[in-house]
Amino acid sequence: MSKILYGVSGEGSGHSSRARVMAGHLISAGHEVKIVSYDRGFRNLCVDFDCLEIEGLHIVSINNRVRLFKTLLHNLGRLQSARKKLQQLRELFQDFKPDCVITDFEPATAWMASRRRIPLISLDNQHRMRYMKFTAPRRLRLDQWLTQMVIRTLIPSPDVSLATTFFRGELMNDKTFLFPPILRNEVLAKRAETGNHHLVYLTSQYDGLMDVLKQFPERQFRVYGYNKNETDGNLEYREFSSAGFLNDLAQANSVIATAGFTLISEAIYLQKPYLAFPMHGQFEQQLNALCLEELGYGVNAKVADKATLSVFFEQLPFLSQNLRTYPYAYGGSPDPDSDYNSQITRKLDELLADKMSLLLAYHLRPSQLRPR
C-alpha cells in the first residue's frame, strides 16, 4: 500500500467534493492518505480526513465578473500567513515521505512533488483544458491561451493526468485519460423528480439577474448564494445547506446558475436543463457553457435579460429530451465497466498497484532529471 499526499484546491466546493470521493476510496483500499487544502476545501474535508491547512489562491468576483486587481490585492494580503503554512507543508513532506502526490489543482503540493522527484498524478477537470483538443470561438482564443499558460504555471507537468469531463475531445498525449465527472454518493443516491421551482445558484451576488427573475411572477425560484432566508415575491432565498440544496436540485424544473463544472455535472446526471451564466474573465466557465450548449443540455447565456430567460423556458421540453441521451444520467443503465465513478477509481488503483511503472515514467523523463 502507498503513502499518498493529496493536494486539493480550496476555491469553491467542486474540488473538495471530488476529493472526498477519491480519498475515501483510497483509504478503503488500504492506502494512507493525508490531505492538504485551504479555505472551503479544508473546511469541507478536515472533519473526516487527516488534513493540513495551507494558504491558497482566491478569486474575487463582483456581479459575476472576476476582478483581477481585487484578486491580486486579496492574495498579497495573505503572503505572511502563506510563508508559515508553506514551511508546515515542507515539514509534512519530510516527515510523511509520500510515495505519490495527487493534485486536484493545488499548486504547492504539485511543485513540491516535482522538486522532490515524487510521482505526480493530476486528478481534476482543469487538465482537460491543457491536454484535450477543443475549438474555442475567436473572441475567446486569447483567454484560452492565457488559461492554458496559467495551468502550466500553477501545476508542473504531471506523470499521469486523470481528467474528468462531460464533453469528450481528442487527447494531445498518451499520459492523459478522460473520465465521466466524479459524483458524490449523495447525488448518486438521489431520486430525480420534476418540481415547480427553478434552482438558482450564484457564487457571488448577481442583483441584475434577480431583477430579471422577478419579471416572471408565474415561476418560482429558490435562490442560493446570498446567505439568507427570506422571500421576495417569487424569489425564495435560502441559506446554504448541502442536504437542502441537493433536495432542491433533484426536484427542480431547471437550473439557473454560473457555469461551474461540478454543478453542471450533477445537473446533467439528474437531467435538469441548465441556463449557464459563465463568469466573465474565467475561461473554464466559458468553456463549460459552450460545451453544455453544444451537447443540447442547456443554454449559454450572453446577458441576463428577459429575452434570454424567455427563450430558455420555451426550450425546456427540447433540452429535457436531449438530456435523456446522456449515457450516465439518473435512471440510465450504463455498462457495469463504465459505471459512474468506477472507471476513474479502477485507473487510479491500477497506477498505484504498478508503482514501479509510475516511478520509471517519472524518472526517465529528461525534463525531470535534475538534482533533488
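Refer to the structure above for everything that follows.
Please read these numbers as outputs of a predicted model, since none were measured by experiment. Chains are numbered independently. Their residues run from 1 in the order of the written sequence. Only residues with pLDDT of at least 70 are given local features in this predicted model, and only at 80 or more are side-chain atom pairs given and counted; all residues enter the totals for whole chains, interfaces and linings. As a convention, hydrogens and water are excluded, and side-chain values are obtained from all of the structure's heavy atoms.

Details of the side chain of serine 161
Put simply, the rule is: In this description a helix means any DSSP run of H or I spanning at least four residues, a strand means any run of E spanning at least two, and both kinds are numbered starting from the N terminus. Whenever a nitrogen or oxygen atom comes within 3.5 Å of another N or O atom, the pair is scored as a polar contact, on the condition that within protein one atom can donate a hydrogen and the other can accept it, and that pairs from neighbouring residues in sequence are kept only if both atoms are in side chains.
Mapping serine 161 onto the fold places it in strand 8 (residues 160-164). A polar contact of 2.9 Å, which involves the side chain of serine 161, links it to the side chain of serine 122.

Some details on the sheet that holds strand 1 (residues 3-8)
Heads up, the rule is: In short, DSSP must find at least two bridges between two strands for them to pair. Here an angle of 0 to 180 degrees is reported between the N-to-C directions of two axes, which are lines fitted to C-alpha atoms, with helices fitted over the stretch in contact. The criterion used for residue contact is that any of the two residues' heavy atoms lie within 4.5 Å.
One open sheet accounts for 7 strands, arranged 3-2-1-6-7-8-9; its pairing is parallel. Of all the strands in the sheet, just strand 3 (51-53) and strand 9 (176-179) have a single pairing partner and so form its edges. The average undirected angle you get between the axes of adjacent strands in this sheet is 20°. In terms of strand pairing, strand 1 meets strand 2 (residues 32-37) through 5 bridges, oriented parallel. Residue pairing for strand 2: lysine 3 is matched across the bridge by glutamate 32. Taken strand by strand, helix 1 (residues 14-28) contacts strand 1, strand 2, strand 6 (100-104), strand 7 (120-124) and strand 8, and its axis lies near 170° from that of strand 1. Where helix 14 (residues 342-353) meets the sheet, it contacts strand 1, strand 6, strand 7, strand 8 and strand 9, and its direction lies at approximately 170° from that of strand 8.

Side note on a nonpolar patch on the surface
Quick reminder of the rule: Residues qualify for a patch when their relative accessible area is over 30% and they have no salt bridge, like charges being joined within 9 Å and the nonpolar side chains of Val, Leu, Ile, Met, Phe, Trp and Tyr within 5 Å. Note on areas: Shrake-Rupley, 1.4 Å probe, and residue coverage restricted to the protein chains presented here. By definition, a salt bridge exists where a carboxyl oxygen of Asp or Glu is found within 4 Å of a side-chain nitrogen of Lys or Arg.
Taken together, the side chains of Leu142, Trp145, Leu146 and Met149 present a nonpolar region at the surface, about 410 Å² in accessible area. Relative to the helices and strands, leucine 142 is located in helix 7 (residues 141-154).

Regarding the packing of aromatic side chains
Cut-off, in case you're wondering: In this analysis, rings of Phe, Tyr and Trp, with Trp reduced to its six-membered ring, are considered paired at centre separations within 6.5 Å, and the interplanar angle assigns stacked below 30 degrees, edge-to-face beyond 60, and tilted for intermediate values. The buried label goes to any residue with under 20% of its type's maximum accessible area, the exposed label to any with over 50%, and the partly exposed label to all in between, with areas taken from a 1.4 Å probe on protein chains only.
Enumeration over the complete set of coordinates arrives at 12 aromatic pairs. With a centroid separation of 5.0 Å and 85° between ring planes, the pair formed by tyrosine 224 and phenylalanine 245 is classed as edge-to-face. Here tyrosine 224, found in strand 11 (residues 220-224), pairs with phenylalanine 245, found in helix 10 (residues 242-250); they are 21 residues apart in sequence, far enough to count as distant. Pair check on accessibility: tyrosine 224 and phenylalanine 245 agree, each one buried. Between phenylalanine 312 and phenylalanine 313 the ring centres are 5.8 Å apart and the planes differ by 50°, which places this aromatic pair in the tilted class. Pair check on accessibility: phenylalanine 312 and phenylalanine 313 agree, each one buried.

As for unusual backbone geometry
Phi is positive for phenylalanine 105, close to 55°, though the residue is something other than glycine. With respect to the helices, strands and loops of the structure, phenylalanine 105 is situated in the loop between strand 6 and helix 5 (107-115). Taking the relative accessible area as the measure of exposure, phenylalanine 105 reaches 15% and is therefore buried. Phi at glutamine 271 is positive, roughly 60°, even though this residue is not glycine.

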